[in-house]
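Chain by chain, the residues:
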Amino acid sequence: MEQNTLFFFNQHPEALPLYRAFEKRLLAELEGMVVQPQKSQITLKNRRVFGAVSFLPARKAKDRPNPYITITLGLNRREGSTRVDQASEPYPGRWTHHLVIGSVEEIDDELMAWVREAYDFAAGKR
């Protein structure tokens, strides 16, 4: 794991196992994906950004698990699942979804299907 990724989790080391499990699936399932750690998030991209991992408080503090990570995905539609904590349409045809993840079990096939959809959506943009 890259030093910048470890630095990102410096203030939240208890969340690192969640991220490691997510990153493992990303790297195994998405060819050509780039992980770019930054100060406030870990950006996920192919030709374009399709998602991010952060500590965005997308859920009220009393309802957030400890530890948690927030996965943000860009889709061409609104996903209506109750697993989505927040969704907004910053411009027509692009929906941003925030999902708070509090356990490795939540990094499941359903989540990865949305990740794949976001990956494909970003790859197909001009």
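Scroll up a little and you will see the structure.
Caption draft 1: Main features of the environment of Pro-92. Mapped onto the secondary structure, Pro-92 falls in the loop between strand 5 (86–91) and strand 6 (94–101). You can call Pro-92 exposed: its relative accessible area is 74%. With 15 residues separating them along the chain, Pro-92 and Arg-77 place their C-alpha atoms 9.5 Å apart.

Caption draft 2: Representation of unusual backbone geometry. Backbone torsion omega between Asn-66 and Pro-67 reads 5 degrees, so that peptide bond is classified as cis. In this fold, Pro-67 is placed in the loop between strand 3 (49–54) and strand 4 (69–75).

Caption draft 3: Region of the structure containing the sheet that holds strand 3. If you walk across this open sheet you meet the six strands as 1-2-3-4-6-5, and the pairing is antiparallel. Of all strands in the sheet, those bounded by a partner on one side alone are strand 1 (34–37) and strand 5. Strand-to-strand twist of the sheet, defined as the mean angle between neighbouring strand axes without regard to direction, takes the value 20 degrees. Those strands touched by helix 3 (residues 109–123) are strand 3, strand 4 and strand 6, and its axis lies near 45 degrees from that of strand 4.

Caption draft 4: View of the pattern of salt bridges. Per the stated rule, a full pass over the model turns up nine salt bridges. A salt bridge links Arg-77 to Glu-79; the nearest nitrogen and oxygen atoms lie 2.8 Å apart. Of the residues examined, Arg-77 reaches a relative accessible area of 30% and is grouped as partly exposed. For Glu-79, a relative accessible area of 15% gives the class buried. In this structure, Glu-110 and Arg-83 form a salt bridge, with 2.7 Å as the shortest nitrogen-oxygen distance.

Caption draft 5: Representation of the side chain of Thr-70 in the model. The residue Thr-70 is located in strand 4 in this model. The exposure class assigned to Thr-70 is buried, which follows from its relative accessible area of 0%. From its side chain, Thr-70 meets the backbone oxygen of Leu-56 in a polar contact 2.6 Å long.

Caption draft 6: Quick peek at the pairing of strand 6. Burial within strand 6 is extensive, with eight of its eight residues counted as buried. Burial of the side chains of strand 6 extends over both faces: Arg-94, Thr-96, His-98 and Val-100 are buried on one face and Trp-95, His-97, Leu-99 and Ile-101 on the other. Sheet topology note: the strand 4/strand 6 ladder contains seven bridges and is antiparallel. Across the sheet, the residue bridging to Leu-73 is His-97, located in strand 6. Pairing analysis gives four bridges linking strand 5 to strand 6, with the strands arranged antiparallel. Of the residues in strand 6, the one forming a bridge with Ala-87 is His-97. Hairpin connection between strand 5 and strand 6: a loop of two residues separates the two successive antiparallel strands, and Gly-93 in this loop has a positive phi of roughly 85 degrees.

Each value, and the rule that gives it
- Residues numbered from 1 in each chain as written.
- Predicted model: local features only at pLDDT ≥ 70, side-chain atom pairs only at ≥ 80, totals over all residues.
- Heavy atoms only, no water.
- Helix = DSSP H or I, 4+ residues; strand = E, 2+ residues; numbered from the N terminus.
- Buried < 20%, exposed > 50% of the residue type's maximum accessible area, 1.4 Å probe, protein only.
- Pairing = 2+ DSSP bridges.
- Axes fitted to C-alpha atoms, helices over the stretch in contact; angles between N-to-C directions.
- Contact = heavy atoms within 4.5 Å.
- Salt bridge = Lys/Arg side-chain N within 4 Å of Asp/Glu carboxyl O.
- Polar contact = N/O pair within 3.5 Å; in protein donor to acceptor, adjacent residues only side chain to side chain.

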